[in-house]
Amino acid sequence: MTDGDYDYLIKLLALGDSGVGKTTFLYRYTDNKFNPKFITTVGIDFREKRVMYTAANPNGTTAGKTFKVHLQLWDTAGQERFRSLTTAFFRDAMGFLLMFDLTSQQSFLNVRNWMSQLQANAYCENPDIVLVGNKADLADQREVQEKQAKELADKYGIPYFETSAATGAEVDKAVITLLDLVMKRMEQCVDKPPAEPANGNGATKLDAAPPNEKKCAC
Amino acid sequence: MIKDSHFKMDLSLLQAMERERVLEVLRRDKQLRTIEEDRIKRMRYELQDLRRKGAKSFARQYGERTCARCQRPLGKFWNSGAVCCGCSHRICRKCRVGLGATAWKCTVCHAYRDVKIRSGEWFMEEKAKKFPATADKYETVGEKLLKTYNVLSHIAVVPPTPPPHLDYQFLSRSGDLKSSKPFAKSMENLMLSLTSHIKKISTSQNDVREDLLRVENSRRGSCFTFTTQKSLSDTDINKSSNLFKGPSLPNLFKRSKDSDHEGYSTGAEEETSFGSEYSGGNRGSISSISTDCGLFEGVTVAGELQLALAYNTKSSCLEITVGACRNLINGDHKRNKCHPYVKLYVLPEKSSKMKTTVKKNTTDPVYNEVLQYYIEHHLLVGKRLQASVWHSGTLKRKVFLGEVLVPLDGLGFKNKASQCFNWYPLCPKTESPEGGTMEQDGEVVRPKFSSINQGELLQLSSLKYLQERETRLSVRHII
């Protein structure tokens, strides 16, 4: 499957509490299969998938060119004891699937912690993230309401999806949305003139920070 | 504030089985990265090609009003072209790529932008902004981790690095300078200073180029009023040097950064650098391109290499007989072709490159070539012979087909086994530090063994280069 015949290598990473279904989610996405058995991930792992991506043309309504994208989807262990290892891998990912379990209030509460982990360890302070509430099929065990989760996602300004790795609902959509965000980010990063840092994108706070940091480090 | 402090994770906390599992994942990741690196290399090669086509040829005067890309003449009022915001060149209407409603870039600047996105360079740059403390921005966490573990497990195998002066002993021995002692001595000293200078020169090539540019600019200024353009191109150089850092494979690309400098940015720079590049002959830039194209596509390595090693005490040289190879994989998958040759290094020396001839259209080449390496017998301790098989493709593209590492310690009088032909199975690229740096080092000035004339030629050409550089610098002073 892996040869160099693709246009982009995009690295995404799934994170969240242990048992929220990161591995099954990715398994569903890459292989379209579901494994109900709980096998805890040892440290890190990754899966790959080749997808076609059609870029929306910025200056027209017609769809732009189609690209071959090779996705490297990093799967991280949710368990605390692997934490130092997994967070170290955050910095090499271009986008994040922050997952929680809709049937576990605690996993939802921990989203906040994961967000701060991301801020500290990801490649920049406002990386592209998609919030994913998994196990949507278990309606009778549901502990987190959609409204609640939506509010939190809005607070962070990130998209929110309720997925089910068991049925496959919304799984593709969540990943594709994230891919879309990353692809847009790439264009922005390259096109923004390097001389003018305050270029109208929402990250004014960010733009001010790096120069200071650099001075400290030197 | 955000430093590597949290990068203290290691795998020591994990159980042995868990560790093996993680390392397995990292190895898989490494495979993917290798493919990615090859892809990026190919992409950059194409970009370089495009730039080269766009470069003003030196038959044409720069002052002439032509499009910097297609070289078509531009009119004074009609079809007068416009300045590209990326490279500050005057570009005709046909060589522009629209970005938005009004924004555009010239074809080369657009291709450059495209490569930056597709190679993931944008990501590296963003990451480097947040983690400036990280020594190598191209290195991923997985790579780092894998490396530390590889080093740990290899530590017993890696021989100690011998003191650097050994290198020059070989040099003087390889030449026929023995005849006159004082001459040999002075040559030895010269070589010493030369080799130490070469490194500096190759790193300071950019400076030289900037100097050249100024020379060129002032020369041009006399026939063409150019003050504004000059400042533009000067800033552009700075910009391009900031922007243009190689993509993820850290080591292999160090050289290509240099060559990128000359390929990209202003026409004046292109002009001068290409001129000197061609006249300079055996220089870093050329060789870096050719080594850059040495693709490690051989993730799958197959076949065997037949070698015989012997130490000749009379002439005090190591005689390596390359017999043959068998069952190699095709270097050129598409055309099902293979033109293999064998390259030898005596590790950890980097100065010891030896090559066989290239055999055409065969995966079972027969060489039967004896390559000699002058070395005192006792110095063989701790050294290893690296024999790698390469496919010599079109346009100097090289494809790695596999390699063999043979320890040279016990070689000599007693070891009869290695003196007759042995078949060694080819292995994928090893990750030993020496092996890694071998390819990127280019062939700047590297005395070859077994052929004395060649060695002398190389010394001469490097001398010539030094002289050239000096004259250029002095030209600048005069102006």
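Here the structure is a predicted model, which means the values were calculated and not measured.

Thresholds applied
- Residues numbered from 1 in each chain as written.
- Chains lettered and ligands numbered in written order.
- Predicted model: local features only at pLDDT ≥ 70, side-chain atom pairs only at ≥ 80, totals over all residues.
- Heavy atoms only, no water.
- Salt bridge = Lys/Arg side-chain N within 4 Å of Asp/Glu carboxyl O.
- Helix = DSSP H or I, 4+ residues; strand = E, 2+ residues; numbered from the N terminus.
- Contact = heavy atoms within 4.5 Å.
- Buried area = accessible area lost by both parts, 1.4 Å probe.
- Polar contact = N/O pair within 3.5 Å; in protein donor to acceptor, adjacent residues only side chain to side chain.
- Buried < 20%, exposed > 50% of the residue type's maximum accessible area, 1.4 Å probe, protein only.
- Pairing = 2+ DSSP bridges.
- Core = buried A, V, L, I, M, F, W, Y, C linked by side-chain atoms within 4.5 Å.
- Lys, Arg positive; Asp, Glu negative; His and termini not counted.
- Arc of directions from axis to C-beta.
- Axes fitted to C-alpha atoms, helices over the stretch in contact; angles between N-to-C directions.
- Phe/Tyr/Trp six-rings, centres within 6.5 Å; stacked < 30°, edge-to-face > 60°.
- Lys NZ or Arg CZ within 6 Å of the ring centre and 35° of its normal.
- Parallel < 35°, antiparallel > 145°, perpendicular 65-115°, else oblique.
- Left-handed = near helix turned anticlockwise from the far one by under 90°.
- Nonpolar A, V, L, I, M, F, W, Y, C, P; charged D, E, K, R; others polar.
- pLDDT = per-residue confidence, 0-100.

### A short note on the pattern of salt bridges
Thinking step 1. What the rule picks out here adds up to 24 salt bridges over all chains.
Thinking step 2. The shortest N-O distance in the salt bridge between Asp92(A) and Lys127(B) comes to 2.5 Å. Highlighted residues: Asp92(A) in the loop between helix 2 (83-89) and strand 4 (95-101) and Lys127(B) in helix 3 (residues 121-130), drawn from two different chains.
Thinking step 3. Arg39(B) is paired through a salt bridge with Glu36(B); the nearest N and O atoms lie 3.0 Å apart.

### Examining the interface of chain B and chain A
Thinking step 1. Opposite the 39 residues of chain B that make contact, chain A presents 48 residues.
Thinking step 2. Overall, the association of chain B and chain A removes approximately 4,300 Å² of surface from exposure, summing both partners, and the carbon and sulfur fraction of that is 63%.
Thinking step 3. The tally of links between chain B and chain A comes to 5 salt bridges.
Thinking step 4. The closest approach of N and O atoms between Glu18(B) and Arg81(A), which form a salt bridge, is 2.2 Å.
Thinking step 5. The tally of links from chain B across to chain A stands at 13 residue pairs in polar contact (both at pLDDT 80 or more).

### A look at the pairing of strand 7 (residues 317-326) of chain B
Residue and element names in this part refer to chain B.
Thinking step 1. The buried fraction of strand 7 is high, at 8 of 10 residues.
Thinking step 2. Judged from the 8 bridges that link them, strand 6 (residues 304-312) and strand 7 form a sheet pairing that is antiparallel. What sits directly across from Ala310, in strand 7, is Glu319.
Thinking step 3. Where strand 7 lies against strand 10 (residues 366-374), 7 bridges are found, and the strand directions are antiparallel. In the sheet register, Ile320 faces strand 10, and the bridge partner there is Leu371.

### Re the side chain of Glu162(A)
Residues and elements named next belong to chain A.
Thinking step 1. Its location among the elements puts Glu162 in strand 6 (residues 160-162).
Thinking step 2. By relative accessible area, which is 15% here, Glu162 ends up buried.
Thinking step 3. Within polar-contact distance, the side chain of Glu162 engages the side chain of Arg142 at 2.5 Å.
Thinking step 4. Among the polar contacts made by the side chain of Glu162, one reaches the side chain of Tyr160 at a distance of 2.6 Å.
Thinking step 5. When near neighbours in sequence (up to four residues on either side) are disregarded, Glu162 contacts Leu102, Gly133, Ala136, Arg142, Glu146, Ala169 and Glu170.

### Some details on the nonpolar core
Thinking step 1. Formed by 43 residues in total, the largest nonpolar core has its most connected members in Phe89(A), Phe96(A), Leu98(A) and Phe100(A).
Thinking step 2. At 6 residues, helix 1 (residues 16-54) of chain B tops the list of elements feeding residues into this core.
Thinking step 3. Leave out the neighbours within four places in its chain, and Leu98(A) touches Leu15(A), Val111(A), Trp114(A), Met115(A), Leu118(A), Ile129(A), Val130(A), Leu131(A) and Val132(A).
Thinking step 4. Ala14(A), Val20(A), Leu178(A) and Met183(A) belong to the second-largest nonpolar core, a separate cluster that totals 35 residues.

### With respect to unusual backbone geometry
With glycine set apart, most residues show a phi of negative sign, and most peptide bonds adopt trans.
Thinking step 1. Backbone geometry places Asn32(A), a non-glycine residue, at a positive phi of 55°.
Thinking step 2. Checked against the element boundaries, Asn32(A) lands in the loop between helix 1 (22-31) and strand 2 (44-56).
Thinking step 3. Overall, the relative accessible area of 55% leaves Asn32(A) in the exposed class.
Thinking step 4. With a phi angle near 50°, Asn368(B) is a residue other than glycine that sits in the positive phi range.
Thinking step 5. Checked against the element boundaries, Asn368(B) lands in strand 10.
Thinking step 6. Classification of Asn368(B) as exposed rests on a relative accessible area of 51%.

### Structural notes on the side chain of Glu48(A)
Thinking step 1. For Glu48(A), the position within the fold is in strand 2.
Thinking step 2. Here Glu48(A) is buried and forms no salt bridge, its nearest opposite-charge partner Arg28(B) lying at an N-O distance of 4.5 Å.

### With respect to helix 4 (residues 111-121) of chain A
Thinking step 1. Within helix 4 of chain A, the full set of buried residues consists of Val111(A), Trp114(A), Met115(A), Leu118(A) and Asn121(A). All buried residues of helix 4 of chain A fall inside an arc of 145° around its axis, so they share one side.

### Considering the sheet that holds strand 13 (residues 422-425) of chain B
All names here are of chain B.
Thinking step 1. A sheet is described by the order of its strands in space; here 4 strands give the open sequence 10-7-6-13, paired in antiparallel fashion. Each edge of the sheet is formed by a strand with only one pairing partner; in this case those strands are strand 10 and strand 13. Neighbouring strand axes in the sheet, compared pairwise and without regard to direction, differ in orientation by 30° on average.

### Re the pairing of strand 5 (residues 128-134) of chain A
Residues and elements named next belong to chain A.
Thinking step 1. Within strand 5, 7 of the 7 residues are buried, which leaves the element mostly enclosed by the surrounding structure.
Thinking step 2. Neither face of strand 5 is left uncovered, since the one carrying Asp128, Val130, Val132 and Asn134 and the one carrying Ile129, Leu131 and Gly133 both have all their residues buried.
Thinking step 3. Pairing of strand 4 with strand 5, which is carried by 7 bridges, proceeds in the parallel orientation. Bridging across to strand 5, Phe96 finds its partner in Ile129.
Thinking step 4. Strand direction decides the pairing type here: strand 5 and strand 6, joined by 3 bridges, are parallel. When the sheet's bridge partners are listed, Val132 is paired in strand 6 with Phe161.

### Focus on the packing of aromatic side chains
Thinking step 1. Evaluation of the coordinates by the stated rule reveals 10 aromatic pairs over all chains.
Thinking step 2. Linked through ring pairs, Phe46(A), Trp74(A) and Phe89(A) together constitute an aromatic cluster.
Thinking step 3. Positioned over the ring face of Phe131(B) is Arg91(A), at 4.0 Å from the centre of the ring.

### Section: the environment of Gly75(B)
Residues and elements named next belong to chain B.
Thinking step 1. Looking at the secondary structure, you find Gly75 in the loop between helix 1 and strand 1 (82-83).
Thinking step 2. On the accessibility criterion, Gly75 (23% relative accessible area) is partly exposed.
Thinking step 3. Along the primary structure Gly75 and Arg65 are separated by 10 residues, whereas in three dimensions their C-alpha atoms are 7.5 Å apart.
Thinking step 4. In this structure Gly75 touches Arg65 and Ser80, once residues within four positions along its chain are discounted.

### With respect to the packing of helix 6 (residues 171-191) of chain A against helix 2 (residues 107-118) of chain B
Helix-helix packing is described using two parameters, namely the angle between the two axes and the distance between the axes.
Thinking step 1. Relative to each other, helix 6 of chain A and helix 2 of chain B sit at 135°, their axes nearing to 10 Å. Classified by the interaxial angle, the pair formed by helix 6 of chain A and helix 2 of chain B is oblique. Considering how the two elements wind past one another, helix 6 of chain A and helix 2 of chain B form a crossing that is right-handed. Two secondary-structure elements touch here, helix 6 of chain A through Met186(A), Glu187(A), Val190(A) and Asp191(A) and helix 2 of chain B through Arg113(B), Lys116(B) and Ile117(B).
Thinking step 2. A per-class count over the contact of helix 6 of chain A with helix 2 of chain B returns 3 nonpolar, no polar and 4 charged.

### A word on the confidence of the model for chain A
The predicted coordinates ought not to be read in detail in places where the model reports low pLDDT.
Thinking step 1. On average, residues of chain A score 85 in pLDDT, and 83% of them are at 70 or above.
Thinking step 2. Counting contacts from residues 195-218 of chain A, a segment whose pLDDT is below 50, to residues more than four positions away or on other chains yields 16 contacts.

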